[in-house]
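Next come the chains, spelled out residue by residue.
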Amino acid sequence: MNGLGDLEAATMDVLWQASTPLPVREVRDRLTTGRTLAYTTVMTVLDNLHRKEWVLREKYGRAWHYRPAGTREELVARTLRRVLETTGRPDVVLLHFARAASDRELAVLRQVLDEREGGDR
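A. Highlighting the pattern of salt bridges. This model, assessed by the stated rule, comprises eight salt bridges. A salt bridge links E8 to K52, with the nearest nitrogen and oxygen atoms 2.9 Å apart. Taken together, the residues span a long stretch of sequence, with E8 in helix α1 (residues 6–17) and K52 in the loop between α3 (39–51) and β2 (55–60) at a distance of 44 residues. Here E8 falls in the buried class, since its relative accessible area comes to 10%. As a salt-bridge pair, R72 and D13 come within 2.8 Å of each other at their nearest N and O atoms. Remark: D13 occurs in helix α1 and R72 occurs in helix α4 (residues 72–87); sequence separation between them is 59 residues. Given the relative accessible area of 34%, R72 is considered partly exposed. When its relative accessible area of 27% is taken as the criterion, D13 is described as partly exposed.

Below, the structure is given as structure tokens:
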């Protein structure tokens, strides 16, 4: 996932697989990075993900519990939107993207455009 480091991406995978919000210790225990991670390392990663708005947190007792701020697809789409907004020329970027898009990607774009046009009627 572009914009996330390896440990951040692995942490997000843990949270997306979980059915409920997880405390730091549980996230650490579920991470499979091939190395032992300190509690404070995982806590820092989760705090960074919260600051980047990839995770939401709620306090249960004395511990923060973390959950994804959306699905993988929703968060990546939001990241793409932010990247477009930083270019100063999103229309030009979209033109380049459309010219390089696969047939499948173009079909999806056509479907969305058709749905939007149908909703305006």
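Text resumes after the structure shown.
B. A look at the sheet that holds β2. Strand order in the open sheet made by the three strands is β1-β3-β2, with antiparallel pairing throughout. Where the open sheet ends on each side, the last strands, each with one partner, are β1 (22–23) and β2. Sheet analysis places β1 next to strand β3 (residues 63–68), joined by two bridges and oriented antiparallel. Paired with L22 across the strands is Y66, a residue of β3. Running at roughly 85° to β3, α1 makes contact with β1, β2 and β3 of the sheet. Sheet strands in contact with α3 are β2 and β3, and its direction is about 120° off that of β2.

C. Main features of the side chain of T11. With respect to the helices and strands, the residue T11 is situated in helix α1. Residue classification places T11 among the buried positions, given a relative accessible area of 0%. Beyond its immediate stretch of four places on either side in the chain, T11 contacts V27, L31, V45, L46 and L49.

D. Structural view of the pairing of β2. Two strands pair when backbone bridges link them, and β2 and β3 are joined in this way by six bridges, in the antiparallel orientation. When the bridges of β3 are listed, K59 appears paired with W64. Taken together, β2 and the strand that follows it, β3, pair antiparallel across an intervening segment of two residues, in which G61 is found at a positive phi of about 65°.

Definitions and limits used
Residues numbered from 1 in each chain as written. Predicted model: local features only at pLDDT ≥ 70, side-chain atom pairs only at ≥ 80, totals over all residues. Heavy atoms only, no water. Salt bridge = Lys/Arg side-chain N within 4 Å of Asp/Glu carboxyl O. Helix = DSSP H or I, 4+ residues; strand = E, 2+ residues; numbered from the N terminus. Buried < 20%, exposed > 50% of the residue type's maximum accessible area, 1.4 Å probe, protein only. Pairing = 2+ DSSP bridges. Contact = heavy atoms within 4.5 Å. Axes fitted to C-alpha atoms, helices over the stretch in contact; angles between N-to-C directions.

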